[in-house]
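Structure assessment
Residue-level listing of the chains:
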Amino acid sequence: MPDTLAASDVRILKALQENGRLSNQALSGAVGMSASPCWRRVRQLEDEGIIQRYMAVLGRREIGLGVLAFIRVKIDSHTEAEAEAFASEVMKLDCVVACYSIAGDADFLLQVVSQDLDTYSDFAMRVVRRLPGIKEMQTTFVLKEIKPFSGLPLPAESARRGR
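Everything numeric in this text was worked out from a predicted model, so none of it was measured. Residue positions are given per chain, counting from 1 as you read along its sequence in written order. Owing to the predicted nature of the model, reporting of local features is limited to residues with pLDDT of at least 70; listing and counting of side-chain atom pairs is limited to 80 or more, with chain, interface and lining totals taken over all residues. Side-chain numbers here rest on the full set of heavy atoms in the structure, without hydrogens or water.

Quick look at the packing of helix H2 (residues 24-31) against helix H3 (residues 35-47) now. An axis is simply a line fitted to the C-alpha atoms; with a helix, the fit covers only the stretch in contact. Between two such axes, the angle follows the N-to-C directions and lies from 0 to 180 degrees. Secondary structure counts use DSSP, requiring at least four H or I residues in a row for a helix and at least two E residues in a row for a strand, with both numbered from the N terminus. Where H2 contacts H3, the two axes come as close as 9 Å, and the packing angle between them is 100°. Viewed along their axes, H2 and H3 adopt a mutual orientation that is roughly perpendicular. Contacts between H2 and H3 involve Asn 24, Gln 25, Leu 27, Ser 28 and Val 31 on the former and, on the latter, Ala 35, Cys 38, Trp 39 and Val 42. All amino acids are sorted into three groups, where Ala, Val, Leu, Ile, Met, Phe, Trp, Tyr, Cys and Pro are nonpolar, Asp, Glu, Lys and Arg are charged, and the leftover types, Gly among them, are polar. Within the contact of H2 with H3, the residues separate by chemical class into six nonpolar, three polar and no charged. In these notes the angle categories are as follows: under 35 degrees is roughly parallel, over 145 is roughly antiparallel, 65 to 115 is roughly perpendicular, and the rest is oblique. Residues count as neighbours in contact if any of their non-hydrogen atoms are within 4.5 Å of one another.

A few words on the packing of aromatic side chains. What characterises a pair of aromatic rings is the spacing of the ring centres plus the angle enclosed by the ring planes. Pairing of aromatic rings covers Phe, Tyr and Trp, the last counted by its six-membered ring, and requires centre-to-centre distances within 6.5 Å; plane angles under 30 degrees mean stacked, over 60 mean edge-to-face, and any other angle means tilted. One pass over the full model with this rule turns up two aromatic pairs. Plain terms: the ring middles of Phe 86 and Phe 108 are 4.5 Å apart, the flat faces sit at 35° to each other, and that makes the pair tilted. Separated by 22 residues along the polypeptide, Phe 86 in helix H4 (residues 80-90) and Phe 108 in strand E3 (residues 108-114) bring together distant segments of the chain. When its relative accessible area of 0% is taken as the criterion, Phe 86 is described as buried. With relative accessibility at 7%, the residue Phe 108 sits in the buried group. Aromatic pair Tyr 120 and Phe 141: ring centres 5.1 Å apart, planes at 80°, arrangement edge-to-face. In this pair, Tyr 120 is assigned in helix H5 (residues 117-126) and Phe 141 in strand E4 (residues 134-141), connecting sequence segments 21 residues apart. The buried label applies to any residue whose accessible area, calculated with a 1.4 Å probe on protein chains only, is under 20% of its type's maximum; exposed applies above 50%, and partly exposed to all values in between.

Considering the arrangement of structural elements, one finds Phe 70 in strand E1 (residues 67-75). Classification of Phe 70 as partly exposed rests on a relative accessible area of 27%. Expressed as a C-alpha distance, the spacing of Phe 70 and Ala 98, which sit 28 residues apart in the sequence, is 9.4 Å. Once you skip the residues sitting within four places of it in the chain, Phe 70 turns out to touch Leu 109, Leu 110, Gln 111, Gln 138, Thr 139, Thr 140 and Val 142.

Turning to the UniProt feature "domain: HTH asnC-type" (unreviewed entry) in the protein chain, a few remarks are in order. As recorded in UniProt, the sites labelled "domain: HTH asnC-type" (unreviewed entry) are residues 5-66. Helix and strand shares over residues 5-66 are 53% and 0% respectively, and the end C-alpha atoms of the span are 39 Å apart. UniProt positions are given in the numbering used here, feature names are shortened, and annotations may be inferred rather than shown by experiment.

With that settled, the discussion passes to the sheet that holds E3. One key point about sheets: their strands pair by backbone hydrogen bonds, in either a parallel or an antiparallel sense. A sheet is described by the order of its strands in space; here four strands give the open sequence E2-E3-E1-E4, paired in antiparallel fashion. Either end of the sheet is taken by a strand with one partner, and the two such strands are strand E2 (96-101) and E4. Averaged over all pairs of adjacent strands, the angle between strand axes in this sheet comes to 20°, irrespective of strand direction. Two strands are said to pair when DSSP picks up at least two bridges between them. The pairing of E1 with E3 spans seven bridges and is antiparallel. Within E3, the residue paired with Val 73 across the bridge is Phe 108. The strands that H5 touches are E1, E2, E3 and E4; relative to E4, the one it contacts most, it runs at about 165°.

Here it is, written out as structure tokens:
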């Protein structure tokens, strides 16, 4: 967290993480600022890359994606070219909602969604196993989401001196 993040910035970021559809008027009221300075701060936070985009959070099951799984992948070689080839192919896969390069006994961790177990099995065997450089893969199925991602933690407002 940059030292330049003021208490007003934290209030804005918390409000927008909770509801990215807030109008500037509603946002400024929620964070206790007038509309023009609030709008300028939001634009500056966007320009600095702190706010990167706005999106809707969809109900996975409600849109027919009943399976959530994590796939740990080991690749054959650890050359930069092989890792980039793997990453490039993963970026094309809609079922892979997140992919991380990790340390430990695997090289990548893929977060995958699918309609059901049969659809997942088909995807795993026909698509994932054929990705470049795959040496080994191991799937872990999510039985219950205890705390799904809902935003990044921000410091308490009292921890920062405001602008």
